[in-house]
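Architecture at a glance
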Amino acid sequence: MIIDTASILASLSSYNNPKARLALLVKKGEYTRLKRGIYETDIHAPAHALAGAIYGPSYISFEWALSYYSLIPERVHTYTSASFLKSKTKMYHNAFGFYTYRDVPKTAYPHSLLLQKEMDYTWIIASPEKALLDTLYTK
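Overview of the structure. (Residues numbered from 1 in each chain as written. Predicted model: local features only at pLDDT ≥ 70, side-chain atom pairs only at ≥ 80, totals over all residues. Heavy atoms only, no water.)

**As for the packing of aromatic side chains**
The line we're drawing: When the centres of two rings from Phe, Tyr and Trp lie within 6.5 Å, Trp using its six-membered ring, the rings pair. Their planes under 30 degrees apart give stacked, over 60 give edge-to-face, and anything left gives tilted. Strands here are runs of E lasting at least two residues and helices are runs of H or I lasting at least four, both read from the DSSP assignment and numbered beginning at the N terminus. Accessible area is worked out with a 1.4 Å probe on protein chains only. A residue is then buried under 20% of its type maximum, exposed over 50%, and partly exposed in between. Throughout this description, the term charge over a ring refers to an Arg CZ or Lys NZ atom that lies within 6 Å of the ring centre and within 35 degrees of the ring normal.
As enumerated under the stated definition, the model contains 12 aromatic pairs in all. Ring centres of Trp64 and Trp123 lie 6.4 Å apart, and the angle between their planes is 80°; this geometry places the pair in the edge-to-face category. Of this pair, Trp64 sits in helix H4 (residues 62–68) while Trp123 sits in strand E9 (residues 121–126), and the two are 59 residues apart along the sequence. Both residues of the pair, Trp64 and Trp123, count as buried. The interplanar angle of 80° and the centroid separation of 6.0 Å between the aromatic rings of Tyr92 and Tyr101 together place this pair among those described as edge-to-face. Judged by relative accessible area, Tyr101 falls into the buried class, the value being 0%. Through a chain of ring-to-ring contacts, three or more aromatic side chains come together here, namely Trp64, Tyr68, Tyr69, Tyr79, Tyr99 and Trp123. The positively charged end of Lys86 is found above the aromatic ring belonging to Tyr55, 5.0 Å away from the centroid.

Below you can see the structure in the form of structure tokens.
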């Protein structure tokens, strides 16, 4: 489950130093940091399903989606996502992997997106055609 720092600290308010307790829980592996202020409670969560929570609004696209749909033969190690109105490429690295976010035009952003459910996670991925067009747009 994805959870923010404020929620965790609220649940740890009975401790004298909730921040120190959070640091201990992260060290013990009960929480895994996705980025500043956002944690995951399940180390076995599907890494691609976390991309939208790390930086948003965004959806999985580009090379990772093309590989997911078996449209390219390569195995992709970076979870690539599309965002809009961000003006620059963002990259994050955490225990789940590498995440990259690239801009697409605002008018093209909301079209041909598919909502997927895996375990208890819901995530958004571009349709095969949209992933191909997003990739061509960035080239």
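**What about the sheet that holds strand E3 (residues 38–40)?**
Put simply, the rule reads: Strand pairing follows a simple DSSP-based rule, namely that at least 2 bridges must link the two strands. Helix axes are fitted to C-alpha atoms over the stretch in contact, other axes to C-alpha atoms as well, and angles between N-to-C directions run from 0 to 180 degrees.
Here 3 strands make up an open sheet; going across it, the order is E1-E3-E2 and the pairing antiparallel. Strands with a single pairing partner mark the edges of an open sheet, and in this sheet they are strand E1 (2–4) and strand E2 (32–35). Within the sheet, the average angular offset between the axes of one strand and its neighbour, ignoring direction, is 40°. Across 3 bridges, the pairing between E1 and E3 is antiparallel. Paired with Asp4 across the strands is Ile38, a residue of E3.

**Focus on the pairing of strand E6 (residues 90–94)**
Judged from the 5 bridges that link them, E6 and strand E7 (residues 97–103) form a sheet pairing that is antiparallel. The residue of E7 that forms the bridge with Met91 is Thr100. Remark: 2 residues form the turn of the hairpin made by E6 and E7, two consecutive strands paired antiparallel.

**Quick word on the environment of Lys35**
Filter applied, for reference: It only takes one pair of heavy atoms within 4.5 Å for two residues to be counted as in contact.
Of note, Lys35 is situated in strand E2. Sequence separation of Lys35 and Ala53 is 18 residues, and the distance between their C-alpha atoms is 9.5 Å. With residues near it in sequence (within four places) discarded, Lys35 still touches Ile54 and Tyr92.

**Let's talk about unusual backbone geometry**
A negative phi angle is the norm for most residues apart from glycine, just as the trans form is the norm for most peptide bonds. Omega for the bond connecting Gly56 with Pro57 falls within 30 degrees of zero, at 0°, which places this linkage in the cis form. Along the polypeptide, Pro57 turns up in the loop between helix H3 (51–54) and strand E4 (58–60). Of note, Phe62 is a non-glycine position whose phi angle comes to about 55°, a positive value. Within the secondary structure, Phe62 is located in helix H4. The exposure class of Phe62 is buried, given its relative accessible area of 0%. One non-glycine residue with positive phi stands out, namely Met119, at about 55°. Mapped onto the secondary structure, Met119 falls in the loop between strand E8 (113–118) and E9. Looking at Met119, the relative accessible area reads 47%, which means it is partly exposed.

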